[in-house]
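Structural features, examined
Letter by letter, the chains look like this.
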Amino acid sequence: MILNQFLLLAAVLFCIGVYGVLARRNGIMVLMSVEIILNSVNINLVAFGAFRDHVAGEVFALFVIAVAAAEVGIGLAIVLLIYRNRRSIDLTEADLLKG
Amino acid sequence: MLGSVSTLVVAFERPAIDWHAIAPELTLLGFGALLTLVDILWLERGRAVVSALASFGLLASMVPVLTLAWDGADRSTFWGAYVVDDYSLVMKAVFLLAGYVVVLLSTNYIAEGDYWENEYYQMLLSAVLGMVVMASARDLVTIFVALELLSIPAYLMATWRKRDLRSNEAGLKYYLMGVFASAVLLYGMSLLYGAAGSTMLVDIDAAISGDGAPLAVVTLGVIFVVVGFGFKVSAFPFHTWAPDTYEGAPTPVTAFLSVASKAAGFVALLSLVFVGFWGRADVYQPLMWVLAAASMFGGNLMALRQTNVVRLLAYSGVAQAGYMLAPLAVAGESLAVADDALSSVVTYLAIYAAMNLGAFAVVIAVARRTASAGIDTYKGLFRYSPGLAVAMTIFLMALAGIPPLGGWFAKFEIVLALISPATAWGVVLGVIVAVNSVIALYYYARIASHMWVEAPPESADFDTTTPIKTPTSVTAALVLTGAATLAFGILPQWVGHFTDVTLVATLAG
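From a predicted model like this one, the values you see are computed outputs, not experimental measurements.

What follows is about the overall build of chain B. Secondary structure summary: chain B contains 19 helices and two strands in total. For 509 residues, the compact-globule estimate of 2.2 N^0.38 gives 23 Å, and chain B sits close to it at 22 Å. Along the longest, intermediate and shortest principal axes, the C-alpha atoms of chain B span 80 × 60 × 45 Å. Residues counted as buried form 64% of the 509 residues belonging to chain B. Put simply, of all contacts in chain B between residues at least 6 apart along the chain, 81% involve residues at least 24 apart. For chain B, the computed accessible surface area is about 17,700 Å², with 69% contributed by carbon and sulfur atoms.

Residues and elements named next belong to chain B. For chain B, per-residue confidence averages 87 on the pLDDT scale, and residues scoring 70 or more make up 96% of the total. No element of chain B has a lower mean pLDDT than helix H19 (residues 492-495), at 72, and none a higher one than helix H5 (residues 140-158), at 93. Per-residue pLDDT stays below 50 along residues 1-6; that stretch engages in four contacts with residues further than four places along the chain or on separate chains. Across the predicted assembly, pTM comes out at 0.92 and ipTM at 0.94.

With that settled, consider the environment of Met134 of chain B. Residue and element names in this part refer to chain B. Structurally, the position occupied by Met134 is in helix H4 (residues 118-136). A residue is classified by how much of its surface remains accessible, and Met134, at 0% relative accessible area, is buried. Along the backbone, Met134 and Ser88 are 46 residues apart, and their C-alpha atoms lie at a distance of 8.6 Å. Discounting chain neighbours no more than four positions away, the residues touching Met134 are Ile143, Ala146, Leu147, Leu150, Phe229, Ala264, Val267 and Ala268.

What follows covers the packing of aromatic side chains. All names here are of chain B. Tallied over the full model, the rule gives 21 aromatic pairs over all chains. Between the aromatic rings of Phe78 and Tyr82, the centroid separation amounts to 6.3 Å while the plane-to-plane angle is 85°, which identifies the pairing as edge-to-face. On the basis of relative accessibility, which here comes to 29%, the residue Phe78 falls in the partly exposed class. On the basis of relative accessible area, Tyr82 is assigned to the buried category, the value being 6%. Where Tyr187 meets Phe224, the ring centres are 5.5 Å apart and the plane angle is 80°; that geometry is what we call edge-to-face. Here the residue Tyr187 occupies a position in helix H6 (residues 165-196), and Phe224 occupies one in helix H8 (residues 215-232), the gap between them amounting to 37 residues. Looking at Phe224, the relative accessible area reads 17%, which means it is buried. Among the aromatic residues, ring-to-ring pairing joins Tyr155, Tyr174, Tyr175, Trp241 and Tyr246 into one connected group.

Before going further, it helps to spend a moment on the nonpolar core. Residues and elements named next belong to chain B. Grouped together as the largest cluster of nonpolar side chains are 223 residues, with contacts concentrated most on Phe229, Phe274 and Leu429. When residues in this core are grouped by element, the largest group, 22 residues, is from helix H13 (residues 335-370). Beyond its immediate chain neighbours, meaning those up to four positions away, Phe274 contacts Leu328, Ala331, Ala338, Ala341, Leu342 and Leu503.

Across the contact, 47 residues belong to chain A and 50 residues belong to chain B. At the boundary of chain A with chain B, total buried surface from both sides reaches about 4,100 Å², with 75% on carbon and sulfur atoms. Linking chain A with chain B are zero salt bridges, by the criterion used here. For the pair chain A and chain B, the number of links is nine residue pairs in polar contact (both at pLDDT 80 or more). If you list the elements that add at least two residues to the side of chain A that touches chain B, you get helix H1 (3-23), helix H2 (27-52) and helix H3 (56-86) of chain A. Partitioned by chemical class, the residues of the side of chain A that touches chain B number 33 nonpolar, eight polar and six charged.

Here H3 of chain A spans 44 Å end to end across 31 residues, near enough to the 45 Å set by a 1.5 Å rise per residue. Two residues or fewer past H3 of chain A, Arg87 of chain A is found with a positive phi of approximately 55°.

Criteria and thresholds
- Residues numbered from 1 in each chain as written.
- Chains lettered and ligands numbered in written order.
- Predicted model: local features only at pLDDT ≥ 70, side-chain atom pairs only at ≥ 80, totals over all residues.
- Heavy atoms only, no water.
- Helix = DSSP H or I, 4+ residues; strand = E, 2+ residues; numbered from the N terminus.
- Rg over C-alpha atoms; globule rule 2.2 N^0.38 Å.
- Buried < 20%, exposed > 50% of the residue type's maximum accessible area, 1.4 Å probe, protein only.
- Contact = heavy atoms within 4.5 Å.
- Areas by Shrake-Rupley, 256 points an atom, 1.4 Å probe, with all protein chains shown as cover.
- pLDDT = per-residue confidence, 0-100.
- Phe/Tyr/Trp six-rings, centres within 6.5 Å; stacked < 30°, edge-to-face > 60°.
- Core = buried A, V, L, I, M, F, W, Y, C linked by side-chain atoms within 4.5 Å.
- Buried area = accessible area lost by both parts, 1.4 Å probe.
- Salt bridge = Lys/Arg side-chain N within 4 Å of Asp/Glu carboxyl O.
- Polar contact = N/O pair within 3.5 Å; in protein donor to acceptor, adjacent residues only side chain to side chain.
- Nonpolar A, V, L, I, M, F, W, Y, C, P; charged D, E, K, R; others polar.
- Expected span 1.5 Å × (residues − 1).

Here you go:
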């Protein structure tokens, strides 16, 4: 089993996702970056599960997929709400609260 | 490797479920479903009963918690992934009672603000359900599901004032930081699963404690998991969402987030540290030490320059998270120290819930008159509303840790746990706790002096002559939290034994 390649792929995806969350200003893009991180987690879980011949990894990945779907649904609703109220989803413009 | 598919084809065997052990969760779930039914069948007429129904549901869920406590036996179900011991029972009671107080605080606020009411209480019950599950979770998947069950409704509650830009922004910031934290946490969990080959915390401990464990993977996994929960408990430097979200969210929701969701993050951290990472004190202790010290200093120093009470309480919450993280930095020294550390954190969580909810109750009551949370609006409060001023002073002094109020006993336990192993690191952290208590006293006392010494502002656009009318439910919340704050301070030997708990990793089953 070539475990390292999968872990490396997941690590690269994780880094891309973290970079996207930190650098992107568009709300949708940040959501997509979070999705990339979650998918790197899924690759990790499935790879470890297959490597160890242990089903818990795949089951965990299914849980992650299901919960992530619910989470992104909420996130899109919040972004849509903000778009309706201020006609922009640029995160740097959300600066009413500070101090 | 692909040939292993055949091993997956096994007959499904239902685990032996201990129904009594999961009765609190089922009760809460039942009331959540009942609220939905009321919404569907009665529509607008349901608005009158939903808050009563929600508070009744929370109190009814206390009954199985009490019968389980009366029974006294440690239980374990779902192959050991779900454990009911006295630690989890105490935390469940704290969550349910805190949820009840939040319903009391919300009743008038939500009803008068023309917000969606029924859904609000459904979300609240769902979030409390997530916390109650979290207290028993001894397995990575269960912890993750409980965390999301509590977070997803909380994102919605923070955004509850749909047309208010500030509430939108509060919800957005909370959501983005929350999902990012969850994703980082999950990445850490996937590494731990890989290192251990199991999602059960006991198996993870057994696998990562040995010398053969891949140190880099384990270390990264522990760091990512702790960082993920660092966001949840708003530890410095992962606190950036907290002040903005607290300020913009509806104030009862802020009270809920600052107490209950922080406590749930701590519960998960405690289970992880005392079961999952137990053999890896060399990894988690330095991490906790740095997080605790940074949170105490960061939170307190930034709280000094706040002009808004809610933001001030947010930063003070960061510092309080630091106090609670501190005992975890010495927990791995020996079993006796671990025992002290666990009880001190649980004690602190219970007392913190009471005093912080109380402080927010006063903020909500005062904001009904002033429509603001600026510290200046508290000037001269004692002249026209002495009851609220006295209550606020009690809660602030408790948060500062002045005897004989509850916060004093909590800090005392923390420092005791820190210095008991007599290591240099522990003693230094104990000194940092003491120094920070003094810094914190300054900003708490500033609000108190505004209320007691200064005259009401001349140019105020609100009435400063008549006492503020507090709704009955908010008064009830003030009485409950005030009584708990005083009881912990004056009778620590009497109340303290409730929070002197032990944590059961798992039972065969």
